[in-house]
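# Commentary on secondary and tertiary structure
This is what each chain is made of:
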Amino acid sequence: MNTTLFPQPQAFASLPNIKTDGSVAIITRTKNRAVLLARALNSVLEQRYQNWHLYVVNDGGDVDTVEKLLNTYRDLFGERLTVIHNSQSLGMEAASNCAFEQANEEFLVIHDDDDSWHPDFLQETVAFLQQNRDAVAVLTNCVVVHEEIKQDTVRQLDVLEWVFWRDHVDAVRLIKGNITPPICLLIRMSAAKTIGSYNAALPVLGDWDYNLRLFRLGEIKTLNKELAYYHHRISSNDAYGNSVIAGADKHQAYQAAYRNALVRRALAEDPANYGLLHLILHDAENNKNELLREIHDLKYRLENMVVTHHANRDAELFARVDYFYRKCLPMRNFTAEWREKMRKMRRNSKVLRPLAHQIRDMLRVLRGKRK
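A short tour of the structure in this document, coming up. Small disclaimer: the values here were computed from a predicted structure and weren't measured. (Residues numbered from 1 in each chain as written. Predicted model: local features only at pLDDT ≥ 70, side-chain atom pairs only at ≥ 80, totals over all residues. Heavy atoms only, no water.)

## Section: the pairing of strand β1 (residues 24-30)
It is a general feature of regular strands that their side chains alternate between the two faces of the sheet. For β1, a buried count of seven out of seven residues is recorded, marking the element as mostly surrounded by other parts of the structure. Residues V24, I26, T28 and T30 of β1 are buried on one face, and the alternating residues A25, I27 and R29, pointing to the opposite face, are buried as well. Examined bridge by bridge, β1 and strand β2 (residues 52-59) share seven bridges and lie parallel to one another. Along β2, the bridge assignment pairs R29 with V57. Taken together, β1, helix α1 (residues 34-45) and β2 constitute a β-α-β crossover, and its handedness is right-handed. (Buried < 20%, exposed > 50% of the residue type's maximum accessible area, 1.4 Å probe, protein only. Helix = DSSP H or I, 4+ residues; strand = E, 2+ residues; numbered from the N terminus. Pairing = 2+ DSSP bridges. Right-handed = clockwise from strand over helix to strand, strands pointing away.)

Structure follows, in structure tokens:
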């Protein structure tokens, strides 16, 4: 079992005790998450590719609960199921090693109890590695599923694309941080046995460590098909929480410790790496400062553009107002003239009104005489 943060791999070679029949070792780690484990079991059983063996590692969880659940599936699994009960929790990577040490199938994959697969996952990935003999592993695209668990019922909240997908595994991105959840990665067992077991010294980030060691051994290739489902429970901090979310602080702490360990190893192996590290950091600092200067310059120019734009817009607005004012001035004069005429007519009507009344009265008298 590996005890250092970054164990050295051996030379890659085919191993005689590894099967070559296309079989897949599936390792599922679980602890007191029966609702999710049931989904994981169905995910495996629903695979169209059926040449696999499932290793369930109950890492310190309730034995009776796990056995009761598994008993409902025994007939479907037949001889393709191995169950390992740890009396106390050893941690995720040590739990994986309990199964890893027994497995000798041609391929290997970690299927965590809270994730799931598309029915074509194994069929597609096994065929890919059989066709690409130079690849130590194949990485598929995935879908991120947000969900919550209430009263032992899983409710889906949202489905998102995996925004970190790239068509190639790039060394820079992989060294900076992990690029995939385990549910997406099928590994060639001979490569896995060559680099050794999972790093039990890491309570988190063990998959990142393993992927780095795989990358040192050979090429990790990609298959851009959404064949896996990476489930997240954002609001869960209990047993049903994701380690990457519920244990975010632990991830950050061990990420720093892991990087520091890499640097210490590099400096211990060759003190000249101090100079190389200094050059890299100096160049990175210069690039950062140059970028900050460009951002500052862009911000300054943008602010000037905004000021100029407002000034131009104000001038244009004033011109338009002035134009309409000049256009409306004749109308205003015309209106004023008519208003004055109306006033004169009203004044004249006051003089003529008594005469009109007299004429009206005379007409009435004439009509009366005719009658």
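## Quick look at the pairing of β2
Taking burial as the measure, the eight residues of β2 include eight buried ones, the bulk of the element. Every second residue of β2 is oriented toward a common face, with W52, L54, V56 and N58 on one face and H53, Y55, V57 and D59 on the other, all of them buried. Pairing between β2 and strand β3 (residues 81-86): six bridges, direction parallel. Paired with V57 across the two strands is I84, which belongs to β3.

## Digging into a nonpolar patch on the surface
Nonpolar side chains collect at one region of the surface, where L291, L292 and I295 lie side by side and expose about 290 Å² of accessible area between them. With respect to the helices and strands, the residue L291 is situated in helix α11 (residues 273-370). Note on L291: relative accessible area 49%, which makes it partly exposed. (Patch = residues over 30% accessible without salt bridge, like charges linked within 9 Å, V, L, I, M, F, W, Y side chains within 5 Å. Areas by Shrake-Rupley, 256 points an atom, 1.4 Å probe, with all protein chains shown as cover. Salt bridge = Lys/Arg side-chain N within 4 Å of Asp/Glu carboxyl O.)

## Quick look at the packing of aromatic side chains
On inspection of all chains with the given rule, the structure shows seven aromatic pairs. Summarising the aromatic geometry, the rings of W117 and F121 are spaced 4.6 Å apart at their centres and angled 10° between planes, so their arrangement reads as stacked. Neither W117 nor F121 differs from the other in exposure class; each is buried. For the pair W162 and Y230, a centre-to-centre distance of 5.7 Å together with 70° between the ring planes defines the contact as edge-to-face. One end of the pair, W162, is in the loop between β7 (153-161) and α6 (171-176); the other, Y230, is in strand β9 (residues 219-232), and 68 residues separate them in sequence. Each member of the pair, W162 as well as Y230, is classed as buried. An aromatic cluster of at least three residues, connected via ring pairs, comprises W52, Y73 and F77. R80 extends its terminal NZ or CZ atom over the ring of W52, reaching a point 3.9 Å from the ring centre. Between the NZ or CZ atom of K193 and the centre of the ring of F100, over which it lies, the distance is 4.2 Å. (Phe/Tyr/Trp six-rings, centres within 6.5 Å; stacked < 30°, edge-to-face > 60°. Lys NZ or Arg CZ within 6 Å of the ring centre and 35° of its normal.)

## Structural notes on unusual backbone geometry
One non-glycine residue, N32, lies in the positive phi region at around 55°. Relative to the helices and strands, N32 is located in the loop between β1 and α1. Residue classification places N32 among the partly exposed positions, given a relative accessible area of 43%. Of note in this structure, D152 is not a glycine but carries a positive phi near 60°. Considering the arrangement of structural elements, one finds D152 in the loop between β6 (135-150) and β7.

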